[in-house]
Amino acid sequence: MREKGNDLRGSSQSYDIVIIGGGPAGLAAAVSARESGIESILILERDKELGGILNQCIHNGFGLHTFQEELTGPEYADRFIQKVNDLKIEYRLNTMVMDISPDRRVTAMNRTDGMFVIRAGAVILAMGCRERARGALNIPGYRPAGIFSAGTAQRLVNREGYMPGREVVILGSGDIGLIMARRMTLEGAKVKAVAELMPYSGGLKRNIVQCLDDYGIPLKLSHTVVDIRGKERVEGVTLAQVDENGRPVPGTEEYYPCDTLLLSVGLIPENELSRGMGVGINPVTSGPVVNESLETNIPGVFACGNVLHVHDLVDYVSKEAAAAGRNAAAYVQSLSGESSFVRGTDSGITLEAESGVRYTVPSVIRPAYMEDSLTVRFRVGGVYRNCYVSVYFDGERVIHRMRPVMAPGEMEEIVLKKEQLLQYPSLKTVRFTVEEV
Amino acid sequence: METKNLTCINCPMGCSITVKMDGGRIVSITGNTCKRGEDYAGKELTNPTRIVTTTVKVTGGQSNTVSVKTGKDIPKEKIFDCVRELKNVQVQAPVRIGDVVASDIAGTGVDVVATGNVERTGVDVAEAGNV
């Protein structure tokens, strides 16, 4: 069994690739690195099982891209866990990574091995993200019991078998909030409303239909919680409409008696380890700045999945992580002369996001090192209808794609071809922008 | 002629579908980008169905619950009957993905299957899954 692999005590162990996190990103990266010829791989996972957050996402809708069938979260995770086991990839559960040094020494601890240090040929950061909490929202009121992040409620209901409450208001229309509105309803709770600060939903359209509309749960756009009543336990919340600046409009307050408030107000990539080792962070995504190989500013350190930027779809996480796995494999092989993967400090082409496009991943492309095609992923800052996504190579518009609808809650992608980029040898900047018709 | 606007729920693209109807008969379906969308729109206006996911109790396992789903989509109005019936279902560990935990749920003819694995208590999870 891989869990009972080498004795990790002492500091002499080394692996070609160490993957931080055994969720969807870490699993897909591990599988692809092994399929690229790397034998020595170790996944470090802090939970008691592999699969990450998929284990509590019991709803369906996963895997249509990857497996051409509709799976639930645990089933999707299991497909990858099976592969990791079939390929005999080593992993450690219940293991917390404490620190990663810039020269790729990974310090971790668990109850069996104690504290240990592993030298990694390459590191893949796959730590995922965490939820934004109440403290980040500045909602006035006491701190009664009954306020949960949507993901915590999801874990309680789906994994632990507890109901967080009976009468529920949800703040934020992120996908987890929408999914939990349905889930709590099925378990007998009354979900009174979902309030969203923005004039549009932060979640996928399909989830509005099948989680709110199906159950007659109102979605109150441009609304927020202005007061939480209750000292020991939540007794009710007051919602109010907000103006275009997000400020509550006096006179629009409505009181909702409830015992539970769920927060689905955003996810933040979990980059404490990355920052600690000096990885450059993009302030827009809160994830590492990476090049076409998904490599950070530190040689041999790669990032993928929700630690890099928050995704809507696990299928895209798996694809991105597979690329990180291949690239990390090529890096390791280059160290022993098996591959031509050259670590470059050569500057490459800068990707710039502007007018409507909030960011791009990656943000630098070195055409010489890219695969035949490269998927550039990005999000827009508002809702756009019948607009174009345009890509400019320096001054020249090279791509001009019509999009019927774009919204901040749905990640966009554009594929760049290597041969296309090589036709512009002196190219400095590729700009991504939204253009009106 | 009556026009209905739907959002397809088959995949995360969420295509906006327009259905033109004439006295309960579908005249045209537009806006979908694949066959699934067409099927969905037809069904949604005649006999809407959903896949239902929930959890059932487990005894003797390392977890008290296991996640489950209906093997295929069931009529929308049967969703609550389905969940209510599953409240009384209890399965014995070990449970494996695909195990049938209830048959012919709420008279729909559809089976409910496990979507997660639960080991018996006392079994090392890491050992059991994959040696």
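One can find the structure itself at the top, above this paragraph.
The structure displayed is predicted, hence computed values, not measured ones. The numbers attached to residues start from 1 for each chain and follow its sequence in the written order. Here every chain gets a letter starting at A, and every ligand a number starting at 1, in the order they are written. Local features in this predicted model are restricted to residues whose pLDDT is 70 or higher, and side-chain atom pairs enter the listing and the counts only when it is 80 or higher, whereas totals over whole chains, interfaces and linings include all residues. Computation of side-chain values: all heavy atoms of the structure, hydrogens and water removed.

J.: Describe the overall build of chain B, naming the residues involved and giving the relevant values.
T.: By definition, any uninterrupted DSSP run of H or I lasting at least four residues is a helix, any uninterrupted run of E lasting at least two residues is a strand, and each is numbered from the N terminus. Looking only at helices and strands, one finds three helices and 10 strands in chain B. Counted from the first residue to the last, chain B has its helices and strands arranged as β-β-β-α-β-β-β-β-α-β-β-β-α. Put simply, the radius of gyration uses C-alpha atoms, and a globule should come to 2.2 Å times the residue count raised to 0.38. Relative to the compact-globule value of 14 Å for 131 residues, chain B shows a C-alpha radius of gyration of 19 Å, a clear excess of over 25%. Its C-alpha atoms give chain B principal-axis dimensions of roughly 65 × 30 × 15 Å. For the exposure calls, accessible area comes from a 1.4 Å probe over protein chains only, and a residue counts as buried if that area is under 20% of its type's maximum, exposed if over 50%, partly exposed in between. Burial status across chain B gives 43% buried among its 131 residues. Two residues form a contact once any of their heavy atoms are found within 4.5 Å. Across chain B, the fraction of contacts at a sequence separation of at least 24, relative to all contacts at a separation of at least 6, is 45%. Surface accessibility in these figures is a Shrake-Rupley result with a 1.4 Å probe; residues are shielded only by whichever protein chains are displayed. Split by element, the accessible area of chain B, about 6,500 Å² in all, is 48% carbon and sulfur. Here chain B carries 16 positive and 15 negative side-chain charges, and the mean point of each set is 4 Å from the other. Positive charge is attributed to Lys and Arg, negative charge to Asp and Glu, and no charge count is given to His or to the chain ends. Taken as the charge location is NZ of Lys, CZ of Arg, CG of Asp or CD of Glu.

J.: Let's hear about the pairing of strand S14 (residues 223-229) of chain A: which residues, and what values?
T.: Residues and elements named next belong to chain A. Pairing between strands requires that DSSP locate at least two bridges from one strand to the other. When S14 meets strand S15 (residues 236-241), the two strands line up antiparallel, connected through six bridges. Bridged to Val225 within S15 is Leu239. Adjacent in sequence and paired antiparallel, S14 and S15 are bridged by six residues, among which Gly230 carries a positive phi angle near 120 degrees.

J.: Could you give me a rundown of the sheet that holds strand S3 (residues 25-30) of chain B, with the residues and numbers involved?
T.: All names here are of chain B. One open sheet holds the three strands; their spatial order is S1-S2-S3, and the pairing between them is antiparallel. The outermost strands of the open sheet, each flanked by one partner alone, are strand S1 (2-7) and S3. Averaged over all pairs of adjacent strands, the angle between strand axes in this sheet comes to 25 degrees, irrespective of strand direction. The convention used is that axes are lines fitted to C-alpha atoms, helices contributing only their stretch in contact, and that angles between N-to-C directions extend from 0 to 180 degrees.

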